[in-house]
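Fold and contact review
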Amino acid sequence: MSRFLPLLPALLLAPVVQARSSVSDSETAAPVVVPAALLETAAPVAVTPKPLFIVTVLPLESNEEARDEAPGLTALLVSRLSESPRLAVSSRADQEAVRTAGICADGSCLDAAPGTPGSDKARYVITGRVDRFGARYLLTLSLVDSESGRALSRPRIEVNAQEALPRAAVALADQLLTTLVPEATQRPVSTSPSAPWRPRAGSFVFGVRVNNSLISDFASFNPGGDVELGFQFHPEWVVFGQVGLTYVRTEEAGRKGGLNVLPSVLGLRHYSNPEGAFRPYWGLGLGIQLSFGEYGIFQQTGPLPTVIGFGGAEFLIAGRLGLQLEASTNIAQATLGLSGGGLGSGLNLDLNAGIAWHF
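Predicted model only: the values in this text are computed from it and were never measured.

Our focus in this paragraph is the overall build of the chain. Along the backbone of the chain there are seven helices and 15 strands. Counting every position in the chain, which comprises 359 residues, the buried fraction comes to 36%. In the chain, 58% of the contacts between residues at least 6 apart in sequence involve partners at least 24 apart. For the chain, the accessible area works out to roughly 20600 Å², and carbon and sulfur atoms hold 64% of it.

Let us look at the nonpolar core. Counting 30 residues, the largest nonpolar core has L87 and V130 as the members making the most contacts within it. The leading source of residues in this core is helix α5 (residues 165-180), at eight residues.

Attention now moves to α5. For α5, spanning 16 residues, the distance from its first C-alpha to its last is 23 Å, which sits close to the expected 22 Å at 1.5 Å a residue. Looking only at α5, the buried set comprises L165, A168, A169, L172, A173, L176, L177 and L180.

What follows covers the packing of helix α3 (residues 70-81) against α5. The interhelical angle for the contact between α3 and α5, taken along N-to-C directions, is 40 degrees, at an axis separation of 9 Å. Regarding the angle of α3 to α5, the classification is oblique. Between α3 and α5 the crossing geometry is right-handed. Where α3 abuts α5, its residues L73, L76, L77, R80 and L81 lie against L165, P166, A169, V170, A173, D174 and L177. Residues that form the contact of α3 with α5 fall into these classes: 10 nonpolar, no polar and two charged.

This part covers the environment of L152. Take L152: it is sitting in strand β6 (residues 150-153). A residue is classified by how much of its surface remains accessible, and L152, at 29% relative accessible area, is partly exposed. Remark: the alpha-carbon pair of L152 and S142, spanning 10 residues in sequence, is separated by 7.6 Å. Contacts of L152, omitting those with residues within four sequence positions, involve Y124, L143, D145 and T179.

Before going further, it helps to spend a moment on unusual backbone geometry. Despite not being glycine, N273 shows a phi value in the positive range, around 50 degrees. Residues other than glycine seldom take positive phi values, yet A318 does so here, at roughly 60 degrees. Take A318: it is sitting in the loop between β13 (304-317) and β14 (321-330). Judged by its relative accessible area of 67%, A318 is exposed.

Quick look at the pattern of salt bridges now. Per the counting criterion, the structure on display carries 13 salt bridges. The partner of D131 in a salt bridge is R129, with the nearest N and O atoms 2.7 Å apart. With a shortest N-O distance of 2.6 Å, E158 and R136 are connected by a salt bridge. In this pair, E158 is assigned in strand β7 (residues 156-159) and R136 in strand β5 (residues 136-145), connecting sequence segments 22 residues apart. A single network of salt bridges, built from pairs that share partners, joins E61, R129 and D131.

Calculation criteria
Residues numbered from 1 in each chain as written. Predicted model: local features only at pLDDT ≥ 70, side-chain atom pairs only at ≥ 80, totals over all residues. Heavy atoms only, no water. Helix = DSSP H or I, 4+ residues; strand = E, 2+ residues; numbered from the N terminus. Buried < 20%, exposed > 50% of the residue type's maximum accessible area, 1.4 Å probe, protein only. Contact = heavy atoms within 4.5 Å. Areas by Shrake-Rupley, 256 points an atom, 1.4 Å probe, with all protein chains shown as cover. Core = buried A, V, L, I, M, F, W, Y, C linked by side-chain atoms within 4.5 Å. Expected span 1.5 Å × (residues − 1). Axes fitted to C-alpha atoms, helices over the stretch in contact; angles between N-to-C directions. Parallel < 35°, antiparallel > 145°, perpendicular 65-115°, else oblique. Left-handed = near helix turned anticlockwise from the far one by under 90°. Nonpolar A, V, L, I, M, F, W, Y, C, P; charged D, E, K, R; others polar. Salt bridge = Lys/Arg side-chain N within 4 Å of Asp/Glu carboxyl O.

Printed below as a string of structure tokens:
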């Protein structure tokens, strides 16, 4: 019996150890049950796609006349390209700001490998310039692959007014995005309101006008009207044809009023500020002037040549409906009339008001 006494504590503790071991085994073996509600409310982890390419936009160059527009257009290009999640876009201004803030002061950004954010060794480099020639602006860009040294795209656009430059820059940036990011879903969608429609090369214009002819030998009120059909073959030029009717009155003794004059004119009109809503214009018209009745110089000459010079302005509503005010003079009538000394002679001035529809 005495020889079993030393083993008594071990025998007494053995069930306890075995029980603990059983509990431990059961705890580790039991599956962990997570309530379904927790699984349903768990927020998915957002995965942000890494930029596919690093792009650097260099400051736009310019001639002296467009120097003030270049910085703003450069910033607009950077902003538009940055809207694509597949591009990491930087400019010289961004890099200077990083250095000024003390980031990468040890030069580590300069030594970073191509394709690393903050690297000056971008895969693609965009250069360009904006030039002003009179009232027109020319914006050109170049997209260069720094690895191959090859230009991938050289888009350009020409506008007729300074206020059209921002839209032009966005349009060119979208062309570059098409080259850099072929997937349409990875390109930004413009949320800015669309620019109003403006008459452009290849469009037609139809107009109706009323006028009053002030002629030195006639009464002050000589009403008339014109119907016009034109074609805009250039952003600033319209060729047109007009057919009209003027009722000429006279209060002189022994002369009859009511002379009907039918002018037919083919002319050119030049618009200034064609991109704006307010568009001054000037032009010349050539044609013939038919008369019905026996009045003054019409007795000797019959149909008269017509050389009209005019100037005025058009205000566009919604880009298509134009309200026109115009002053014109018939140079041929004044010249032939003065030489003939008959009715219809003298200096003349037509005041015209009308509407035009561009389509």
